[in-house]
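Architecture at a glance
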Number of protein chains: 2
Amino acid sequence: MSITGKQLINGEWVQGKGGEYQGVNPATGQKIEPTLTFADGEQVKAAAAAAKAAVHAFGATSLKERGAFLERCSDEIMALGDELLERLMAETGYPRARVEGERGRTCGQLKLFASTIQNGEYLDARIDLAMPDRQPLPRADIRFYKQPIGPVVVFGASNFPMAFSVAGGDTASALAAGCPVIVKGHNSHPGSGELVAQALAKAVKACNLPAGVFSFVTGPGKDVGAALVTAPEVKAVGFTGSLGGGMALFNLANQRPEPIPVFAEMGSVNPVVVLPEALKANAAGIAEGFVGSLTMGVGQFCVNPGLVLGIKGSELDAFIETASAKLGEVPAGVMLNEGIANTYGKGAEHLAGQKGVTVAAKGKAAEGTGFCGQAQILTVNGADFIANEHLQEEVFGPSSVVIQCADASELAQAVGCLKGQLTGTLQATSEELAHYPELLAMLQEKVGRVVFNNYPTGVEVCHAMMHGGPFPAATDARFTSVGTKAIDRFVRPICFQNYPHDLLPEPLKNGNAWGISRWVNGERTSGAIGG
Amino acid sequence: MSITGKQLINGEWVQGKGGEYQGVNPATGQKIEPTLTFADGEQVKAAAAAAKAAVHAFGATSLKERGAFLERCSDEIMALGDELLERLMAETGYPRARVEGERGRTCGQLKLFASTIQNGEYLDARIDLAMPDRQPLPRADIRFYKQPIGPVVVFGASNFPMAFSVAGGDTASALAAGCPVIVKGHNSHPGSGELVAQALAKAVKACNLPAGVFSFVTGPGKDVGAALVTAPEVKAVGFTGSLGGGMALFNLANQRPEPIPVFAEMGSVNPVVVLPEALKANAAGIAEGFVGSLTMGVGQFCVNPGLVLGIKGSELDAFIETASAKLGEVPAGVMLNEGIANTYGKGAEHLAGQKGVTVAAKGKAAEGTGFCGQAQILTVNGADFIANEHLQEEVFGPSSVVIQCADASELAQAVGCLKGQLTGTLQATSEELAHYPELLAMLQEKVGRVVFNNYPTGVEVCHAMMHGGPFPAATDARFTSVGTKAIDRFVRPICFQNYPHDLLPEPLKNGNAWGISRWVNGERTSGAIGG
């Protein structure tokens, strides 16, 4: 394998016609060879047309065939070996353990979808049998299931160059659903993105799938990205990134002649509520865990804890003191690219300059070259927080604000004014939690995931994960972008009334050859009908 | 009971402050007593605040309690007796059998939700148990379910003054999900709307629910409707009506500081594909069934068959001939209101004036008073249809265009250029259907429901119904507005990580006291955990 800088369109690797660029090593600021290309508008159109052409054939594959394809995607990614890991490290500044872990997570996701779809649950098959003798009117046979929504465009995230990128959760769930995918490669890890795209292209060929099942194009968001989202063939968009980026796509998609859903996971400030009894028992331990979560990966996680809410007093003082001491030891880390490091620096400064905000601690300053981010912890009182929306803006990186509320009532008020969040964390004893029913209800209303005595970083890929949340954490709170439920974003229901049995999709035939769990006349069963 | 013309806000019936109006009898054009009021902006705000105040208490009700409430709603509607039926007839021009049938359907829907939610399937409960010894990292206990999305605004439809109105499918499914509802009463059946609202208000009181669980306001869409959709407390909107109305709400909702989902079912032209072998066997029978479906209820159904697509030839000629003869006998019917009758008249004329369009038949002309609609069947050839988007515009009423395609390939092309549809119907023999795989695949891509040798009118309320479809049939093809799956629109997922067991919502506790079907560690089970 080698990095060509080309675009993958309808199974062919072609030179992009939209300009040239190069990857950059954020640890050195140096460009990385070779020169790469961007797609132009015509190439985007060709990719969209190829995806549409693949819809029926890919949608008609069996769960087994699709499972085998996802497994093959994983195998081909592993076969990229060290070339992939080294390019990832060079493009992101991440250490080897991190990129290896992320590769494991990415392949694990592909395999999890491969196995989970076999039970057919996501098809949501429902059969209401005919009742020809019903009075006053007979009931026709009606059968319902969920079919692929159509071509999906995936915008990868900079911070997870594997797990939320070319073959990440969005791509894996869309392919698992039977939707052709066009990935818009992220400019922050273009070479590793292409390598993964090469792996997926090989899997498509090996599994004899239509070439349009997977395409890979690169370019600036405002033209290549916009062209993808407005291509009429495209039926849904997956995105992980900033609020500004997500909303630009959301607005474009809603203004199309045919609006389409955009699943944009746009991050949040992930409030951590620390309650007095828990701090009394273990302020130092909680503070240490918090600083670890805040500074891991130089704070570059959507679920990074950017807000801490507590009640003024010696317990909270102890927490701030330990956290500050710990943070002081944290070296400035290399961030993903120059833009992120600059935005972080400005955002951190902007937060520190807000009314009533005090800098409690800073991490070590940057040394030498590279796009580095210096950690910080700020403090502010509850009233100033409640009065100032800016303090709720996500600053992507290792910065957090501790809100010192006057009392439990002001704490509830502060939680009450929070916007939608991916996560909300409670550091508390079980006993004291029972005294804050209103706080719990409010938190539950505002977040996608409630975390108790853990930290929000570390998003488990499993069946019960909800990674998403009320706006502005995501554009659509009804869906998760991590875990097996992510597939629900890329299917839509259809029903068949009085349809010839032989022409029904396999999951809806009487025999239930796939042995999936279905609802028949309102009862759940894995059996055959009339068998 | 008597009709007061008041608004129901937070459990109180109050005089509207937004002006006065009266209902109109479409059969006579006469106003109906008494004088009614419209709400003003402040009253809308009060209704939204009351709904928000009810969120937690109503969301915390058990499935049994919510089921009992829905049953009570049905009982209170039945208790309205003849007063409701007579007012419905006066306001809509519908005959007694129709309004009785619709009352039955409405109460049936409420009862169906009451019973169906008991199995807890819509909660989609999933539990991934902790794996404290997992390497390299332990897994926390994670539990997922779907909770009510928050206050829902429902815009009723004119054409189903019961089943898609105040206590119709949107309201029933939102209440079943545990969401407070604010209904914007339809100006075309204001008195009967109020009576049903009175019934629901009694049920709320009788079940000791917070008053904000159900409110009822009336007024023009452009101010009262807009104020409802932009109220920050509102988290979702259900709507059935025109494309223009639905899109106005959709755009408003997406431009809010916090965008919210709008489930607008905006109707479609519901193509009926008639294939030669079926016509050869029974052109007259198919034509008769078609005219019955087209003219039933004066064509005032979202699923009214506004397009017929066939292949030129003696079979299609025979179909057109019989259909025309049958249509000629159909008397002009009273439509729901003056606006609908006028819009229908203009739309029917507009269609008839398109290039290449011929009037094949007209129903009987209107006689006497009342807002009547005269049925029509038009014909046009395939090429003119394919070239002219206007022929795809829904004309709400008993008008249909028969597309005479040159051959099977042009038929496929005509189906290929269709926009999204609620339904697509096939009149065919099973044998010939097998020769049109591409046509079937294309139809399946464009519709929410495929109907075989039935007609699209008559939407069954059941578990397997999909009433919705790709845009512009609906704003969100991923959800149905009829049948038990309609509840999915009004819930959103949340997960709990490492949460204290006693504080978990009941459906996620180990004991599974409600006995619902859950996914535990990736396996479906109705059992308890560790029990």
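You'll find the structure just up there.
A few points on the structure. Predicted, not measured: the structure shown is a model, and the values here were computed from it. (Residues numbered from 1 in each chain as written. Chains lettered and ligands numbered in written order. Predicted model: local features only at pLDDT ≥ 70, side-chain atom pairs only at ≥ 80, totals over all residues. Heavy atoms only, no water.)

**Structural notes on the interface of chain B and chain A**
- Each partner contributes to the interface: chain B provides 76 residues, whereas chain A provides 76 residues.
- Interface area, chain B with chain A, both sides summed: about 6200 Å², of which 56% is carbon and sulfur.
- Across the chain B-chain A interface, the total number found is 10 salt bridges.
- Here D476(A) ties to R478(B) by a salt bridge, and the two come within 3.5 Å at their closest N and O atoms.
- The interface formed by chain B and chain A contains 40 residue pairs in polar contact (both at pLDDT 80 or more).
- Within the residue set of the side of chain B that touches chain A, elements represented by two or more residues are α1 (41–59), β5 (126–128), β6 (142–148), α8 (243–255), α14 (430–433), α15 (437–446), β20 (447–452) and β21 (491–497) of chain B.
- If one sorts the elements of the side of chain B that touches chain A by residue count, β21(B) sits on top with seven residues.
- Split into classes, the residues belonging to the side of chain B that touches chain A amount to 39 nonpolar, 17 polar and 20 charged. (Contact = heavy atoms within 4.5 Å. Buried area = accessible area lost by both parts, 1.4 Å probe. Salt bridge = Lys/Arg side-chain N within 4 Å of Asp/Glu carboxyl O. Polar contact = N/O pair within 3.5 Å; in protein donor to acceptor, adjacent residues only side chain to side chain. Helix = DSSP H or I, 4+ residues; strand = E, 2+ residues; numbered from the N terminus. Nonpolar A, V, L, I, M, F, W, Y, C, P; charged D, E, K, R; others polar.)

**Thoughts on the pattern of salt bridges**
- Summed over all chains, the structure comprises 54 salt bridges over all chains.
- In this structure, E121(B) and R524(A) form a salt bridge, with 2.6 Å as the shortest nitrogen-oxygen distance. Remark: R524(A) occurs in strand β23 (residues 523–525) and E121(B) occurs in the loop between α4 (96–116) and β5; the pair is interchain, linking two chains.
- The partner of D223(B) in a salt bridge is K222(B), with the nearest N and O atoms 3.6 Å apart.
- Judged by its relative accessible area of 39%, D223(B) falls in the partly exposed class.
- For K222(B), a relative accessible area of 72% translates into the label exposed.
- Look at the salt bridges and you will find they share partners, linking D124(A), R126(A), K146(A), K485(B) and D488(B) into a network. (Buried < 20%, exposed > 50% of the residue type's maximum accessible area, 1.4 Å probe, protein only.)

**Focus on the packing of helix α9 (residues 276–295) of chain A against helix α10 (residues 314–328) of chain A**
Residues and elements named next belong to chain A.
- Between α9 and α10, the least distance of the axes is 8 Å, while the angle of their chain directions is 25 degrees. If you check the angle between α9 and α10, you find them roughly parallel. Both α9 and α10 take part in a crossing whose hand is right-handed. Residues P276, L279, K280, A283, A284, I286, A287, E288, F290, V291, L294 and T295 of α9 form the contact with α10, whose own contacting residues are E315, L316, A318, F319, T322, A323, K326 and L327. (Axes fitted to C-alpha atoms, helices over the stretch in contact; angles between N-to-C directions. Parallel < 35°, antiparallel > 145°, perpendicular 65-115°, else oblique. Left-handed = near helix turned anticlockwise from the far one by under 90°.)

**Quick look at the sheet that holds strand β13 (residues 307–311) of chain B**
- Pairing is mixed across the open sheet formed by 12 strands, whose spatial order is β23(A)-β22(A)-β5(A)-β6(A)-β21(A)-β20(B)-β19(B)-β12(B)-β13(B)-β18(B)-β17(B)-β15(B). Unpaired on one side and paired on the other, β23 of chain A together with β15 (358–362) of chain B mark the two borders of the sheet. Neighbour to neighbour, the strand axes of the sheet diverge by 20 degrees on average, direction disregarded.
- Where strand β5 (residues 126–128) of chain A lies against strand β22 (residues 518–520) of chain A, two bridges are found, and the strand directions are parallel. Each residue of the ladder has a partner; that of I127(A), found in β22(A), is V520(A).
- Along the sheet, helix α9 (residues 276–295) of chain B contacts β12 (271–274), β13, β17 (376–381), β18 (399–405) and β19 (421–427) of chain B; its crossing angle with β17(B), the most-contacted strand, is approximately 140 degrees.
- This element, helix α13 (residues 408–416) of chain B, spans β12, β13 and β18 of chain B of the sheet and lies at about 155 degrees to β13(B). (Pairing = 2+ DSSP bridges.)

**A closer look at the side chain of E121(A)**
- Judged by relative accessible area, E121(A) falls into the buried class, the value being 15%.
- Side-chain polar atoms of E121(A) contact the side chain of R524(B), separated by 2.7 Å.
- When sequence neighbours within four positions are dropped, the list of residues in contact with E121(A) reads S517(A), R524(A), W519(B) and R524(B).

**Regarding the relation of the copies chain B and chain A**
- When chain B is fitted to chain A, the best match, at an RMSD of 0.0 Å, comes from turning it 180 degrees and sliding it 0.0 Å along the axis. The two molecules are tied by a two-fold rotation axis, judged by turn and shift. Closest to the rotation axis within chain B is the C-alpha of N254(B), separated from it by 3.9 Å.
- Both copies share a contact surface, since 100% of the interface residues of chain B are interface residues in chain A too. (Least-squares fit on C-alpha atoms with pLDDT ≥ 70 in both.)

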